[in-house]
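Here is how the chains run, residue by residue.
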Amino acid sequence: MQCEETFNKFVKYKVDLFIGSAELIPKEESMHGKLSVRVCRPTNCVEIPTDKICIATGSRAHRPNKIYKNISIEFVPNVIIDSTEMSQIVDLPRTVGIIGGGVIAVEYATVFAKLGVGVSLICPKKNFLPFLEEDIKEALRARMSKEHVLFLESEISGIKLTNDRKALISFQKMALHPQTLKVDLLMYSGGRDANSEGLKCEAVNVEIGKFGRIEVDSRCRTTNPDIFAIGDVSGGGLASIAAQQGRYVSDQLFLNRLVIKANSMLNKSTPMEDVLDDDFFGSQNENVFESNEFESTEYESVEAESKLALFGTSFGAKVPLTLWTVPEVAGVGLSEGEIPYESKGKYVIGYAYFKDLARGRFSGEDGGFLKIIASVDKIGQHVVKGVHVMGEASNELIQLGSVMVHSKATLEQIVNTPFAAVTLSALYHVASDDALSKSPLSLY
Ligand SMILES: Cc1cc2nc3c(=O)[nH]c(=O)nc-3n(C[C@H](O)[C@H](O)[C@H](O)COP(=O)(O)OP(=O)(O)OC[C@H]3O[C@@H](n4cnc5c(N)ncnc54)[C@H](O)[C@@H]3O)c2cc1C
């Protein structure tokens, strides 16, 4: 169904589709004497000459031989598995152990807990979704504890398969912490490897970095000026980042034609660079990983997976983050922790709790809330900079927050906009009122 929908779009927009495994061919080796892509199927290959290429080959679960220092892990079908295999299981286990604290690990943990499976999440607290707002993270952990998720933070000292085909995990000694855990199914979710090998990147001078990721600049350009890379293969980590980067690259490739056409109609000239919004795409943290200590130990790559989800690229937090946990968690824009200490007085933060709204109470999400962050502008208006939500339909609600952040909406505009009654959207009204009530500059 989804394939058909995508295929119809290709037809509508006149995109040629070649199904097969792709590799990059430098012009010296190409039969066309031009940069080319070779697409192969078991029976035949075609070579497509091209001026520009965009690589979007995604990522796959990282499967190490050893996790954390010298602890080895042997993957065993249906017992000790990765997240790819997890998506293929047919029987619901009674107990699951999950190693990792990133998006994938936490999503599976909450879903299994909701299904009544006994879940143990094995990860140090600092590695639990480290990119999330502190209060959202705490609320999610509290909600998971309520669903009987057991958080285990002690270091693993061994993993083995038992005679009755269960996974036995041993831990270093720690007060109030079990020393062993036996589960029906153990999933290791320690980051993702980019699908860059096999593309022959080296032949076309495309540089590869950590975890196999293709190195790109803030405009998604690789080290070869004619080749772009987007999404997980260059460290995106989120579906929304991949989609937005795709749009951005196609703008860079094709927008100049439209600009030239428009300019010729208006009889003026505008450089392409001015057309692309650098403030949106270019000025964010170009390489957040540079300053971090993510080396190759696998516990660190669990952490890297978590950070990657929000900061994997220069697109950073401006792209909405949506986590399909139970309950959903979403965020866009500035987080409270990012406000510099000396600027705290220029920001206001408002909250709206699901339990305080009729529609919120229907959702049964008594711990859910929406948080809005705004900064005071030169004329004393409060401009929305960030929104963070936990609770039912957060992943829908965040789109409104994204529009607010990107259109630089003010809290004053929000409180003066009529909102439909008995809706979750009204959380924005309540949170904006709350924020304004705390601002010394507010007239409301
Ligand atoms: C279990 C799980 C949960 C997730 N949860 C969330 C979430 O809650 N929120 C969120 O935003 N993101 C989530 N993600 C991440 C999200 O799915 C990815 O960020 C997104 O799919 C990346 O898109 P992409 O286009 O870069 O790669 P993909 O969607 O992986 O697509 C890459 C495609 O390229 C193909 N390919 C690979 N190599 C070649 C080759 N040589 N030739 C031709 N084709 C090739 C692959 O077969 C694949 O079809 C989750 C991921 C997983 C695995």
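Residues numbered from 1 in each chain as written. Predicted model: local features only at pLDDT ≥ 70, side-chain atom pairs only at ≥ 80, totals over all residues. Heavy atoms only, no water.

- For the chain, an unreviewed UniProt entry supplies the name NAD(P)(+) transhydrogenase (Si-specific) and the organism Vaucheria litorea.
- Taken directly from UniProt, the Cofactor (unreviewed entry) text for the chain runs: "FAD". (UniProt positions renumbered as here; feature names shortened; annotations may be inferred.)

Re the overall build of the chain
And step 1. Helix and strand counts for the chain come out as 12 helices and 22 strands.
And step 2. Counting over 444 residues, the chain shows a buried share of 49%.
And step 3. Sequence-distant contacts, at least 24 apart, represent 58% of the contacts inside the chain between residues at least 6 apart.
And step 4. Of the accessible surface of the chain, which amounts to about 22600 Å², a share of 54% is contributed by carbon and sulfur atoms. (Helix = DSSP H or I, 4+ residues; strand = E, 2+ residues; numbered from the N terminus. Buried < 20%, exposed > 50% of the residue type's maximum accessible area, 1.4 Å probe, protein only. Contact = heavy atoms within 4.5 Å. Areas by Shrake-Rupley, 256 points an atom, 1.4 Å probe, with all protein chains shown as cover.)

Here we look at the state of the cysteines
And step 1. All chains considered together, the criterion is met by one disulfide.
And step 2. What pairs with Cys40 in a disulfide is Cys45, and their sulfur atoms sit 2.1 Å apart. Its S-S torsion of approximately 110 degrees makes the covalent link between Cys40 and Cys45 right-handed.
And step 3. We classify Cys45 as partly exposed; its relative accessible area is 44%.
And step 4. As a non-bridged cysteine, Cys54 has Cys220 as the owner of its nearest cysteine sulfur, 7.5 Å distant. (Disulfide = S-S within 2.5 Å.)

Considerations on the nonpolar core
And step 1. Within the largest apolar cluster, 40 residues are counted, with the highest numbers of intra-cluster contacts made by Ile98, Leu121, Phe128, Leu129, Leu132, Leu140 and Met144.
And step 2. Looking at this core, the elements that each hand over two or more residues are strand E9 (95–99), helix H3 (103–114), strand E10 (118–122), helix H4 (134–146), strand E15 (185–188), strand E18 (321–323), strand E20 (347–353) and strand E21 (369–376).
And step 3. Take this core: its biggest share by element is seven residues, from H3.
And step 4. When we break this core down by domain, the ones giving at least three residues each are domain 1 (61–192) and domain 3 (321–437). (Core = buried A, V, L, I, M, F, W, Y, C linked by side-chain atoms within 4.5 Å. Domains from an automatic or database assignment.)

As for the environment of Asp164
And step 1. Tracing the chain through its elements places Asp164 in the loop between strand E12 (156–161) and strand E13 (167–171).
And step 2. Given the relative accessible area of 42%, Asp164 is considered partly exposed.
And step 3. On a C-alpha basis, the gap between Asp164 and Asp184 in space is 9.5 Å, while along the polypeptide they are 20 residues apart.
And step 4. Reaching out from Asp164, the side chain makes a polar contact with the side chain of Thr162 at a distance of 2.5 Å.
And step 5. Within the local environment of Asp164, its side chain forms a polar contact with the side chain of Lys182, the two groups lying 3.1 Å apart. (Polar contact = N/O pair within 3.5 Å; in protein donor to acceptor, adjacent residues only side chain to side chain.)

Quick word on the pattern of salt bridges
And step 1. According to the stated counting rule, one finds 24 salt bridges in the structure shown.
And step 2. Between Glu197 and Arg60 there is a salt bridge whose closest N-O contact spans 3.4 Å. You can see Glu197 sitting in the loop between strand E16 (192–194) and strand E17 (227–229) and its partner Arg60 sitting in strand E5 (residues 59–61), a full 137 residues away along the chain.
And step 3. With a relative accessible area of 32%, Arg60 lands in the partly exposed category.
And step 4. The partner of Glu85 in a salt bridge is Arg63, and the shortest N-O contact between them spans 3.1 Å. Taken together, the positions of Glu85 in helix H2 (residues 83–86) and Arg63 in the loop between E5 and strand E6 (66–67) put the pair 22 residues apart, joining distant regions of the chain.
And step 5. Here the salt bridges share partners, and the residues they tie into one network are Glu23, Arg38, Glu47 and Lys200. (Salt bridge = Lys/Arg side-chain N within 4 Å of Asp/Glu carboxyl O.)

Looking at the site of the ligand
And step 1. Near the ligand you find 19 residues, and of these Ala22, Glu107, Asp232, Ala239 and Thr322 are the closest.
And step 2. Note that a nitrogen atom of the ligand is positioned 2.8 Å from one of the backbone N or O atoms of Ala22.
And step 3. Asp232 places a polar side-chain atom, nitrogen or oxygen, 2.8 Å from an oxygen atom of the ligand.
And step 4. Surface burial for the ligand is 61%, taken as the share of its 1000 Å² of free accessible area covered by protein chains.
And step 5. Every element with two or more residues in the shell around the ligand is listed here: strand E1 (21–25), H3, helix H5 (239–266) and E18. (Near = heavy atom within 4 Å.)

Section: the sheet that holds strand E3 (residues 45–49)
And step 1. A sheet is described by the order of its strands in space; here three strands give the open sequence E1-E2-E3, paired in antiparallel fashion. One side of each edge strand has no neighbouring strand; the edge strands of this open sheet are E1 and E3. Strand after strand, the sheet turns through a mean of 25 degrees between neighbouring axes, direction not considered.
And step 2. Where strand E2 (residues 36–40) meets E3, five bridges bridge the pair, whose relative direction is antiparallel. Directly across from Val37, in E3, lies its bridge partner Ile48. (Pairing = 2+ DSSP bridges. Axes fitted to C-alpha atoms, helices over the stretch in contact; angles between N-to-C directions.)

A closer look at a nonpolar patch on the surface
And step 1. Among the surface-exposed residues, Phe7, Val11, Leu17 and Ile19 lie close enough to one another that they form a single nonpolar patch of about 390 Å² accessible area.
And step 2. One can find Ile19 in the loop between helix H1 (2–12) and E1. (Patch = residues over 30% accessible without salt bridge, like charges linked within 9 Å, V, L, I, M, F, W, Y side chains within 5 Å.)

Examining the sheet that holds strand E11 (residues 150–152)
And step 1. Judged by pairing direction, the sheet is parallel, and its five strands sit side by side in the order E8-E15-E9-E10-E11 without closing on themselves. Two strands in the sheet have a free side with no partner beyond their single neighbour: strand E8 (80–82) and E11. Each strand axis lies, on average, 25 degrees off the axis of its neighbour in the sheet, ignoring direction.
And step 2. As judged from the five bridges shared by E9 and E10, these two strands associate in the parallel manner.

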